[in-house]
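Working through the structure, step by step
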Amino acid sequence: MSKGKLLALCVVWLMVAGIAAVAWRYVIVGGKEQAKQSEQEAILNQTKGTSQYDIDLKFGIDQFSGYAILRSPEFRKRLQREKIEVSFVDDRADYTKRLRNLQTGSINMAVFTIDALIKASATIGDTPAVVVSIIDETRGADAIVANQASVPNVEALNHPDTRFILTPDSPSETLARVVMNDFSLDQLADNPFVMTSDPEDTLARYRKSQPNSRDVFVLWEPYVSKVLENPEMHVVIDSSRFRGRIVDVIVTSRDFLAKNRAVVEDVVGSYFAAAYSYRDQMQTLVRNDAKQQQAPLTDAQAKKLTAGIRWKNTQENFAHFGLRTDNNLQHIEDMISNITDVLIQTGGIQIDPTENRPNQLYYERVLSNLKDSNFHPGLSSEKISDDQILLPALSETAWSKLREVGELNVRQLVFPRGSSRLTETSCTVLDDLVNTLNSWPQYYLLVRGNASMRGDFEANKRLAANRAEAAVDYLVQQGIDKNRIKARGGDPTGSTSVSFVLGEAPY
C-alpha cells in the first residue's frame with residue numbers, strides 16, 4: 001500500500017473515531033445524563049412543597065430613591081397576599097435594555113421616566129410597553145448648577161461655550177432639553193452636551209473644572225447638594241419650576257397586560273396601598289432604601305431629596321388618566337405629547353415613536369377598574385393636590401425690579417404694517433405660548449413690544465406698547481392669570497415683533 005493511501009486510510013479512521021466519540025458523548029452519555037436529570041426532576045416534583053405564589057413577577061428597576069416604595073417591605077407583603085412573588089432586575093438605568101427585556105418577556109413590568117420610555121421606544125422602533133400608573137413627579141430633585149459669576153441665570157446659558165455636563169438618558173438630560181427647548185438659547189453650540197457615565201462621573205468633572213468656567217452641571221439629589229457646598233456655585237434652574245416634564249411611571253409589556261390584566265391591577269393596587277401606608281414616613285423610607293442600595297444619605301440629604309419628589313396617590317392617578325375631571329391636573333396624554341415635542345425639537349429623538357398618537361403609550365383601564373371597584377388604599381380619603389399656583393399681584397415698583405430669568409423661545413408674532421392687530425398666525429403662536437406658561441407656573445411674564453424705527457418715533461413707541469398689550473390681552477383671555485403678566489413698551493429697535501421674558505419677584 002502506498003504512503004498516500006495509508007495516510008488517507010488513517011484520516012478516514014480518525015474521522016470515524018471522532019464521530020464515534022461525539023456520538024458516545026452526546027447520544028449515549030448525553031442520553032444517560034438527560035435520563036438522570038429527568039429522574040432527579042421527577043423526584044424533586046414528587047417531594048417538593050406547594051408554592052404560596054401563583055405568579056413570579058420580574059420587575060425592571062434602578063436605584064433611584066423615588067422607587068423606594070416599590071422596594072419596600074409593605075409592597076412585597078401586599079403582593080404576597082395576592083400570591084405574587086416579585087423579583088427586581090436592576091439594569092443600572094439602561095432604559096433601552098429595559099424596554100427590550102419587556103419586549104422579549106425577560107421582565108414583565110418596569111419603571112421608566114416618560115421621556116426615557118419615549119426615547120427607548122424610538123431607539124428600538126417599537127412601543128412594546130404601556131404606562132399603567134404614575135409614581136411621582138420631580139419637583140426640585142434635579143437641577144442645573146453653575147458658577148454664579150459666569151452663569152447667573154438661564155439667559156446667561158445662551159453662549160457658544162456653554163456645555164451641559166450630564167448623564168445621558170436621565171432626568172438630568174430631560175431638564176437640560178426642556179430648558180433648551182423653552183428658552184431662547186440660539187447661541188448654543190450644535191451639540192452642547194458632554195455625556196458622563198453616571199452622576200459620580202459628573203461630580204468628578206465638576207471637581208476638575210476651572211473657576212469661572214461656563215460648564216454647567218446637571219444633576220439630581222444628593223449630588224446637587226454636594227456641588228452647592230462650594231459657595232461660588234448656585235442653582236441656575238431646577239425641576240421645581242416646571243410641571244409635567246420629569247415624571248416616573250409604572251409600565252407593563254403589552255403581552256403581559258393582555259394575558260395577565262388582573263395581575264397588573266393587583267400590582268398597581270398593592271403599590272398605592274403601600275404608598276398610602278408610608279405617606280407620613282417617606283423621609284425615613286427613602287433613607288432606609290438608600291442604605292440598602294449601598295448609597296447612604298444623611299438626614300439632611302434625605303430631607304432635601306424627599307422634598308424634591310412629589311409622589312402621586314390613587315386619586316391623583318385617576319385625575320391624570322382622565323377618570324376624574326374635578327381638578328386641574330395635567331392629563332397623561334398631554335404630558336407625553338409635550339415631552340415628545342421637547343425631545344424632537346432638541347434632537348433627543350428623530351421621530352415620534354407613536355406617530356403622533358400619544359395614547360398608544362398609556363392604558364387607563366387598569367386604573368379605571370380599580371376606581372370602579374371602589375378601591376381605597378386606607379381608611380382616610382386621599383386628596384388631590386392643587387397644582388395651580390396663583391402669583392400675587394406686583395406693584396409697578398416690583399415689576400420694574402423683576403429679576404429676569406430668561407427669554408422664552410417663541411416664534412415671531414406677525415403684525416400688519418403699522419398695526420397692533422393679531423393675525424391668525426400670531427394667535428396660533430400665542431396658543432402654544434399658553435401651554436409653555438402653564439408648564440412654568442412659578443414665573444411672572446414680561447411682554448415687551450417693539451416696532452420699526454422708520455417714521456415718527458413717538459408713534460412707533462406707542463405702537464410697540466400696543467402690540468405688547470394686544471399679546472397680553474389675548475393670553476389673559478386664554479386663561480393666563482392677569483397678575484403674572486405685564487406689557488411693556490420701549491424705544492423701538494427696528495424689530496416688529498414681541499419678546500416674552502420670564503422673571504421672578506425681587507426678594
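To be clear, the structure that these remarks concern was listed above.
This section reports on the structure supplied with the text. None of these values were measured; they are calculated from a predicted model.

Let us look at the overall build of the chain. In terms of helices and strands, the chain carries 17 helices and 15 strands. Computed over its C-alpha atoms, the radius of gyration of the chain comes to 29 Å, more than 25% above the 23 Å expected for a compact globule of 507 residues. Considering the chain as a whole, with its 507 residues, one finds that 50% of them fall into the buried category. If you take every contact in the chain between residues at least 6 apart in sequence, the share linking residues at least 24 apart comes to 81%. For the chain, the accessible surface area stands at approximately 25100 Å², while carbon and sulfur atoms represent 48% of it.

Right, let's get into the nonpolar core. L70, F112 and Y271 are the most contacted members of the largest nonpolar core, which has 70 residues in total. Looking at which element gives the most residues to this core, the answer is helix α9 (residues 261-277), with 8 residues. If you look at the next biggest cluster of nonpolar residues, it comprises 51 residues, including C427, I480, F500 and L502.

Going through the model one piece at a time under the given rule, you end up with 27 salt bridges. When the shortest N-O distance is used, the salt bridge between K77 and E74 registers 3.2 Å. Residue K77 and its partner E74 are located together in helix α2 (residues 73-81), separated by 3 residues, close to a single helical turn. In this structure E74 comes out as buried when scored by relative accessible area, which is 13%. Connected through shared salt-bridge partners, K119, D169, E173 and R177 make up one network.

The subject of this paragraph is unusual backbone geometry. A cis amide bond links E221 with the next residue in sequence, P222, at an omega value of 10°. Tracing the chain through its elements places P222 in the loop between β8 (215-220) and α7 (223-227). Non-glycine residue D169 carries a positive phi angle of around 55°. Tracing the backbone through its elements, the reader meets D169 in the loop between β6 (163-166) and α5 (171-182). With phi around 55°, E355 is a residue other than glycine that occupies positive phi space. Along the chain, E355 turns up in the loop between α13 (332-345) and α14 (365-372).

The description of two packed helices rests on the angle between their axes and on the distance between the axes. Two elements in contact, helix α4 (residues 114-124) and α13, have axes separated by 10 Å at closest approach and are oriented at 60°. As far as their axial angle goes, α13 and α4 are oblique. Between α4 and α13 lies a crossing of right-handed hand. Residues I114, D115, I118 and K119 of α4 touch α13, and the partners they reach there are M335, I336, I339, T340 and L343. Residue composition of the contact of α4 with α13, by class: 6 nonpolar, 1 polar and 2 charged.

A word on α13. Note that an α-helix has 3.6 residues per turn; residues three or four places apart therefore point the same way. Helix length check: α13 (14 residues) gives 20 Å between terminal C-alpha atoms against 20 Å at 1.5 Å per residue, within 8%. I332, M335, I336, N338, I339, T340, V342 and L343 are the residues of α13 that are buried. Close packing links the buried residues of α13 with α4, β4 (129-138), α5, β10 (247-253), α12 (314-320) and α16 (424-439). One or two residues past the end of α13 sits G347, with phi positive at roughly 80°.

The next subject is the sheet that holds β8. Overall, mixed pairing links the 5 strands, which are arranged β7-β6-β8-β5-β9 in an open sheet. Because the sheet does not close on itself, it has two edges, and the strands there are β7 (193-195) and β9 (233-238). The sheet shows a mean angle of 30° between the axes of neighbouring strands, direction not considered. Looking at chain direction, strand β5 (residues 142-147) and β9 are connected through 5 bridges and run antiparallel. Each bridged residue has a counterpart across the sheet, and for A143 the counterpart in β9 is D238. Its contacts with the sheet place α5 against β5, β6, β7, β8 and β9, and it is angled at close to 70° to β5.

The 4 strands lie next to each other as β12-β15-β13-β14, forming an open sheet whose pairing is mixed. Of all the strands in the sheet, the pair left with one neighbour each is β12 (403-407) and β14 (485-488). Neighbour to neighbour, the strand axes of the sheet diverge by 30° on average, direction disregarded. When strand β13 (residues 444-449) meets β14, the two strands line up parallel, connected through 4 bridges. Looking at β14, one finds that V447 is bridged to A487. Along the sheet, helix α17 (residues 457-477) contacts β13, β14 and β15 (498-504); its crossing angle with β14, the most-contacted strand, is approximately 160°.

On to the packing of aromatic side chains, then. Considering all chains together, one arrives at 13 aromatic pairs under this definition. Consider the rings of F75 and Y271, whose centres lie 6.4 Å apart with planes at 75°: the pair is edge-to-face. Here the residue F75 occupies a position in helix α2, and Y271 occupies one in helix α9, the gap between them amounting to 196 residues. With respect to burial, F75 and Y271 carry one shared label: buried. Measuring from ring centre to ring centre gives 6.2 Å for F321 and Y362, while their planes differ by 80°; the resulting arrangement is edge-to-face. One end of the pair, F321, is in the loop between α12 and α13; the other, Y362, is in the loop between α13 and α14, with 41 residues separating them in the sequence. Like F321, the residue Y362 is buried in the burial classification. These aromatic residues form a ring-pair network of at least three members: F183, F242, W440 and Y443. Lying across the ring of F112, R98 places its NZ or CZ 5.6 Å from the centre.

Cut-offs used in this document
Residues numbered from 1 in each chain as written. Predicted model: local features only at pLDDT ≥ 70, side-chain atom pairs only at ≥ 80, totals over all residues. Heavy atoms only, no water. Helix = DSSP H or I, 4+ residues; strand = E, 2+ residues; numbered from the N terminus. Rg over C-alpha atoms; globule rule 2.2 N^0.38 Å. Buried < 20%, exposed > 50% of the residue type's maximum accessible area, 1.4 Å probe, protein only. Contact = heavy atoms within 4.5 Å. Areas by Shrake-Rupley, 256 points an atom, 1.4 Å probe, with all protein chains shown as cover. Core = buried A, V, L, I, M, F, W, Y, C linked by side-chain atoms within 4.5 Å. Salt bridge = Lys/Arg side-chain N within 4 Å of Asp/Glu carboxyl O. Axes fitted to C-alpha atoms, helices over the stretch in contact; angles between N-to-C directions. Parallel < 35°, antiparallel > 145°, perpendicular 65-115°, else oblique. Left-handed = near helix turned anticlockwise from the far one by under 90°. Nonpolar A, V, L, I, M, F, W, Y, C, P; charged D, E, K, R; others polar. Expected span 1.5 Å × (residues − 1). Pairing = 2+ DSSP bridges. Phe/Tyr/Trp six-rings, centres within 6.5 Å; stacked < 30°, edge-to-face > 60°. Lys NZ or Arg CZ within 6 Å of the ring centre and 35° of its normal.

These figures come from the coordinates and say nothing about function on their own.
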